[in-house]
Every structure is written in structure tokens, then in C-alpha cells.
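Residue-level structure breakdown
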Amino acid sequence: PAAPRAVGHIASGPWSGCSEARGVARRVEDMNSINAPNAKSEERQVSRIGDWVAPARATDGYNKMNDSEPTSAEKRAECFAYTKEYVVSRVPVLAWLPQYKWKQDFFYDFVGGATIALICLVQTLAHAAIATTDVIQGPYCAFVPPFVYAMLGTSPHASISSGAIAAILIADQLQYFHDIQERTELACFLALISGVWLVIMGLCKAAYLVRFLSQSLISGFVTGGSVLILEGQVKNLFGLMEMRHGIGFIDTAMATWDALPQTNLVGLALGLSMMGILQLMMWLKKWTTAKLSKPGPHPKWLKPAKLASEMKELLLVALSVMFAYLTRLENGETIIPVVGTIPPGLPPFRPSYNLPAAQSMLATQYRLHEFIMGGFLVALTSFLTTYATSKKQALQHGYQIDASQEMFALGMAGTCGSFFGSFPPSGSLSRTSLAAEVGVKTQMSGLMKIVVVGLSLTFFTPVLFYLPKATLAAIILRATWQLLDFTTAWELWLAFKSRKLGGMKRDFVVWWISFFLTVFFGVLYGIGSAVLFSVLMLVRDAAMPRMVVLGQIESLGNIWRDSEVWTEGRTFPGILVAEFRGPLSFASADFFSQELERLRLTSKGKVEIVVLSFGSVHDLDKTAIEMLRELLTVWRKFGVNCIISDAKSRVRLLLEQYFAKPDKQGKAPLLDQPAFMISLDDAVQLAKRMLARRGRDISCYHARDDTHDVRTGPMKGSQGWRGSGTGLASTKYSAKDDSSIAEAHQFARATSGGAV
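Residues numbered from 1 in each chain as written. Predicted model: local features only at pLDDT ≥ 70, side-chain atom pairs only at ≥ 80, totals over all residues. Heavy atoms only, no water.

This next bit is on a nonpolar patch on the surface. Taken together, the side chains of L97, W102, F106, F107, Y108, F110 and V111 define a hydrophobic patch exposed on the protein surface, amounting to about 660 Å² of accessible area. Along the polypeptide, Y108 turns up in helix 5 (residues 102-130). Given a relative accessible area of 40%, Y108 falls into the partly exposed group. (Patch = residues over 30% accessible without salt bridge, like charges linked within 9 Å, V, L, I, M, F, W, Y side chains within 5 Å. Areas by Shrake-Rupley, 256 points an atom, 1.4 Å probe, with all protein chains shown as cover. Salt bridge = Lys/Arg side-chain N within 4 Å of Asp/Glu carboxyl O. Helix = DSSP H or I, 4+ residues; strand = E, 2+ residues; numbered from the N terminus. Buried < 20%, exposed > 50% of the residue type's maximum accessible area, 1.4 Å probe, protein only.)

Take a look at the structure:
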């Protein structure tokens, strides 16, 4: 027979008194009689009504062809299809390029790519200054990496070149090297290291690692890094060309103070003027955006004005280059510090590990281990900023991006870029948003960038000779000022209270750890320490989740809440209702046992029944099961019963398997309850019924009438429900006809809607 165990389990088990169970048993027998000839070896274990599934009908003649082995041609076709699918998933250009709509999309991709490329040229110069490398390395970062990402990336709007946050990390790793040429070569080597990290993590689908970088951690690190940028750019703003190289926040501050007498007043005035123009352009962008968001018609000049405000850095470079050129002396020297000679032409192919600085580091191993770990940190942070900006555009435009493929694409962009003089690339929020605004349709815009940047490097680098360093400093300072995020620290301070009251003490501590250690000890120590603290807190939460005593709030519909917060919650003598709010595994099993025993022993009056809400427990392991077995065995000796409610899925199945059956010696199950898929109300009603069978009075101890008319006045938190009544009268059950636990469960269902 197909299901004798199922019928027997239902007919003789705890459901035997239930009419629904008897109906299911009859249906099982009927189905068994139909399928008996073809289901001789099939058996099913049924623990509840919803688990029963009819055995599959036999299909003797229909499955013969399906059971046959595939031919060699079919195997080759399947292998080829799988290989093709994998290659296309790793090289998305093979999917979108054959279907590219040249007539509809090419014009928008070309114009958008050219516009973003021009902005990239200026921004990358500034980011190279942040990274403390040669300024030409910035445009190199906008040459090969965008092309590689266009081949491998899944976001049509992502703008890959340099980024301010990545530049902060690069500068932190290079601060121990004094020569700018050495720093430039090591930046290429760092691009190779971080790129390899990203490629490995992308192939292993390890994009989840960035989840350990919380919002508070990122905010503290970015704010601390911004402080370091502001301090570092004072040199270029004041024209302190003879200033010594400082290491760390305090040393750099002392070096800047010592060099202040060398201030170039003309360069300082130019830099402050450029910052003022930048601010005006930012106000113009905000105003034009607000105007264009309203229903038209709009003036014809409004969109060009908005585009000009988007290209504000390019406008500043043009104005300042003209100023430096027109004010030069008769001998050709400039009156303000300028960038100077920039090598023209495309970047040469040079493996970064063969550069002299990289060879020296590999030979001496000076800071090699720190460099490798720093490359891992650069990889994670650059991917986080890139993926966050790309995901935002994907949500707005209704397409999906693959996080692991994005990680792989960014890693390949950095790895390939390292062979052409680039430092680690990253995405940019402003450029990515601009790509959507200028009408970019596909990744073809990234291919257009390489054309514009290549032409600029070939023909226009002599113009950048007269680019004032004060202008670069002004662009960096004004952009960095927006990265300062002390608002988050203030919000966390306002929420500095207990976690059970909705506080955020932990996030506050993480923010300040990340900020202070970044400023005074470097980015690696700042982020590393904050991540370590956060992970330790996660481990603590896993090992010591909250165990709370629940009370019933009648005026809110008899819901159950934490009695420590909702002090007016009603409890019942002899019954302890508790909820474990976390995973129950080997890490938390001992804490669970100790905390539950503490609550039982410190409860008012003797506890005879413990009702456990397992709604927040999603899994059990062997350690937790053995702990429960030991705990329930000890409780049985003291006459304490346990009822578990809200058990779901795997947890319910494990409880039924290990605790709902008699043991080998024939002793009663440790958990003698009709079912495990019962609500907390049903479990408490069942506990009351069990106490009534023992002759106990069921009433609320010192209960107050917590009904409250919301029209009588304002309420604050849970205190608004507190009343001043005298409580409920005692009610005693009669257990004369209580012949089975199933009847008790039926009674609990019938009475769960009313007060006892």
C-alpha cells in the first residue's frame, strides 16, 4: 500500500480526535486504493494535514524514453549551449552588440559618451592630485578602464574612470613614499592588486562581502578621508611648492604650518575665486533642475544652462588656463604654480609589476603585505561606490545588473588599466547620473570615451601645461566639502539610547571609530577596525540574542508584547510566556538555556508551564537539539511542561522528529502538544487548559484594566494604554470531559478569540 504509515499516523496520533484528520485519513485510504498496484515501494511520513501529497501515479509506458541515456550528439549540443551561455554571461558585449540599434541609439551614445569623457578629463586630473600621483595618471584612468568595462559590464550608465573615494584610499597607501614618480608607479601596481582581488571575488560570486561595510562605517570613513583631502590640498591652494612631505594628519598639519610664509597670494586669490564660481554653478544646476522638473513649456536656454552647470569643471579649467597664459612673464614663467609639462600621446604598454618601484617593493618586501591588504580594501570600496551608483540608475530605468559580474568587470578594468599607467578605477555618482540625463542608451558610450580621451591625450596635453594647481585644489576642495557627513553623526547622537528602545549606540560607536582612526592612523586602520567591531557585534548578536517575557495587551487586540517595554501587559500565574529573538544554534544554545532558566526561576510565583514562541527561530542544529532535550528532561523531573508555538518549516520538522515521539524506552514525548503550527494565543489557551486539569485557578495576577479611550487625551508610547482597573475575575475550568490533548487544542481554538 502507498500510505499505510500516513493513515496510521493520522488515525492513531494526536490528531485522532479531530474530524478534519479523520477526513484526511479517509482521503489517503481512497488514494491508496487507486494507486496501490503501481506504488508498492513508496511510503510517506505525514506530520500535519498540509504536508500530505498524493503519491505520484505510475507511468510505466511514458517514462521509458525519458529514462534512456542521451546520445553523444545531444551531450555535445548541451555542452556547447552551456559554454555559450557562460561566455555570454561573462562577456555581455556579445549579447548586446549584435542587437545594437545603430540608427536609434548611436547618436545619443556618441554625444553622451563625448560629454562625459570631457568631464572625466578634468575630474581625473583632480583625482590624481588627491591620490598624490602624477596628474597625467588621471586621464590614463579614463582611457582603457572604461573600454574594458563597456565590454564586460552590465550597466549602460556606469561611468568608470577615477573616483574621489578611491583616490582617498590610494593616497593613504602611498603616503609612505616621498617621490612622486615612485608613487605613480606604485599606484599602477595597486591597480593590478585590487583588480585581481575583484576578479577573484567576482568569479567566486563574493559580492556579499561589501555588506560588511555598513552605512555608518562608510559615512565615518568618507568624512575622515575628506578631512585628510582638505588638509592635503591646502598646499596647492596656497601655492606651498617647497613644503616637505608629511605622513599622517598631525605631521602634515605641522609641515603646512611651517610652509605658510611661502604662500602665493595670486594663486590663493585665483583658487578662492574659482571656488566661488563653482558654488554659483552649483546653485545654477539646482535652479535649472527644479525649473525643468515642472511642467513646460520651458525657455530654450534652460537646458543649455543646465548642461553648462554640469560641465562646470571644464569651464573653470578653460578660464584658469587663459589666466595663467595671459599673466605669464616675458621669460615664459608663470606667476602662479601650474601643472607643467605633461607627456603627450597615448599611455604606453608597461606591465605594472615590471616598473622600478614595484620591483623594489617585491625585492625588499617593504610594506608589501600592507599594500596587498590595502589593495583588497580599495577593491571592496571602489566596487561598493560603483555598484551603489549603478544600482540606483538600474532601479530608475527598469533594468537589472549582476553584482558578481559588475565586480568581475570592474576588476578586469583595473587589471587591464594597470598595464597602461592607470591607478584603480571606480564609478562616480555625478557622472553616472549625468549619463542618464544626456541620453546614454547602452554601453556603447563607454567605447566613445576612449575615442575622445585618446584624441585629447594626443593633441591637447600641451594646453594643460598652464593649468594652475590652485584651480585643481579649488575643484577638489569644493567637491570634497560635500563629502563631509557630520549630519549622520549628529543623527546617531540623537538616537544614542538603548537598542530595545530604538537606539543606535552601536552605529554611533562604529561611526566615530571609523572617523578617528581614519584621520589619525590611516584609512586601512579606520575601516579595518570598524569592520572588526561590527563583525564582533554580529557574533555577539548571534551568540546572545534577546530573550523576553511576553505580556498580553488586551486593548490592542490581545497581541503579545515585551513586558519590559509594555509594562501593562497581562501575564498568568503558573505560565511563563517567552520569546527567543534570534537564531538557536551552537553559538546561542548555552545562552538560551541559561537565560530561560533565569526567567523561570525569577518569575513571580511557581512556573508550571513554559510557553516558547519560536517565530524568530529559523533553524536548529545538533547542539541546540541536545540542549533542548536536556532542558526538557530536567523540567519534566520538576513537573514543568513546555509548549512551543509558531514553529515554522525546518524548525517544526526537527521538533516533531526529536521531541514529539516516544523514546526507545517508551516514555512519553518531551513535547506533548497536538501540533507545532499553533499560534501563541492557542499555546497559552492550551497551557491554561492543562493547568485547569491540575485544579489550578486561571487568572491574571495583579492585572490592571488596560482599556483606554483614545479620545480622552494623547498617549505616549505604551504608557498611553495603561489603565487603573482592578483586573479580571478568576475563572476555573472543568476538566471532567478532558479525555485527550486534541480536545484541549479544539477548546483552545474555540476560545482563542475571547478573554479568559
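Moving on: the state of the cysteines. The full count for this structure, using the stated rule, is 0 disulfides. Just so you know, C120 is unpaired, no disulfide at all, and the nearest cysteine sulfur is the one on C141, 8.8 Å from it. Classification of C120 as buried rests on a relative accessible area of 2%. (Disulfide = S-S within 2.5 Å.)

In space, the 5 strands of this open sheet follow the order 2-1-3-4-5, with mixed pairing throughout. Each end of this open sheet is capped by a strand with a single partner; those strands are strand 2 (559-562) and strand 5 (641-645). Neighbour-to-neighbour, the strand axes of this sheet turn through a mean angle of 35°, independent of strand direction. (Pairing = 2+ DSSP bridges. Axes fitted to C-alpha atoms, helices over the stretch in contact; angles between N-to-C directions.)

Okay, helix 12 (residues 265-292) next. Structural remark: α-helix, 3.6 residues per turn; residues separated by three or four positions point the same way. Taking 1.5 Å per residue as the helical rise, helix 12 with its 28 residues ought to reach 40 Å, and the 41 Å between its terminal C-alpha atoms agrees with that figure. Taken as a whole, helix 12 has its buried residues at G267, L268, L270, G271, M274, L278, Q279, M281, M282 and T288. Each element contacted by the buried residues of helix 12 is listed here: helix 10 (215-238), helix 13 (302-310), helix 14 (312-326) and helix 20 (469-481). (Expected span 1.5 Å × (residues − 1). Contact = heavy atoms within 4.5 Å.)

Enumeration according to the criterion identifies 13 salt bridges in this entry. The partner of R546 in a salt bridge is D562, and the shortest N-O contact between them spans 3.1 Å. In this pair, R546 sits in strand 1 (residues 546-553) while D562 sits in strand 2, placing the two residues 16 residues apart along the sequence. Between R546 and E564 there is a salt bridge whose closest N-O contact spans 4.0 Å. On the criterion of sequence distance, the pair formed by R546 in strand 1 and E564 in the loop between strand 2 and strand 3 (575-581) is long-range, its members being 18 residues apart. Of the residues examined, R546 reaches a relative accessible area of 32% and is grouped as partly exposed. Accessibility expressed as a relative area gives 48% for E564, which makes it partly exposed. A single salt-bridge network, built from bridges that share partners, covers R546, D562 and E564.

In terms of nonpolar packing, the biggest core is built from 98 residues, with F189, L217, F221, F371, F383 and I527 touching the most fellow members. Looking at this core element by element, the count peaks at 11 residues for helix 5. Excluding residues that lie within four positions of it along the chain, F371 makes contacts with Q173, L174, L186, F189, L190, I193 and M361. Of all hydrophobic cores here, the second largest spans 33 residues; its members include M547, L599, F614 and A624. (Core = buried A, V, L, I, M, F, W, Y, C linked by side-chain atoms within 4.5 Å.)

Our next topic: the pairing of strand 5. For strand 5, a buried count of 4 out of 5 residues is recorded, marking the element as mostly surrounded by other parts of the structure. Inspection of the sheet shows strand 4 (residues 609-613) paired to strand 5 by 5 bridges, in the parallel sense. Along strand 5, the bridge assignment pairs V611 with I643.

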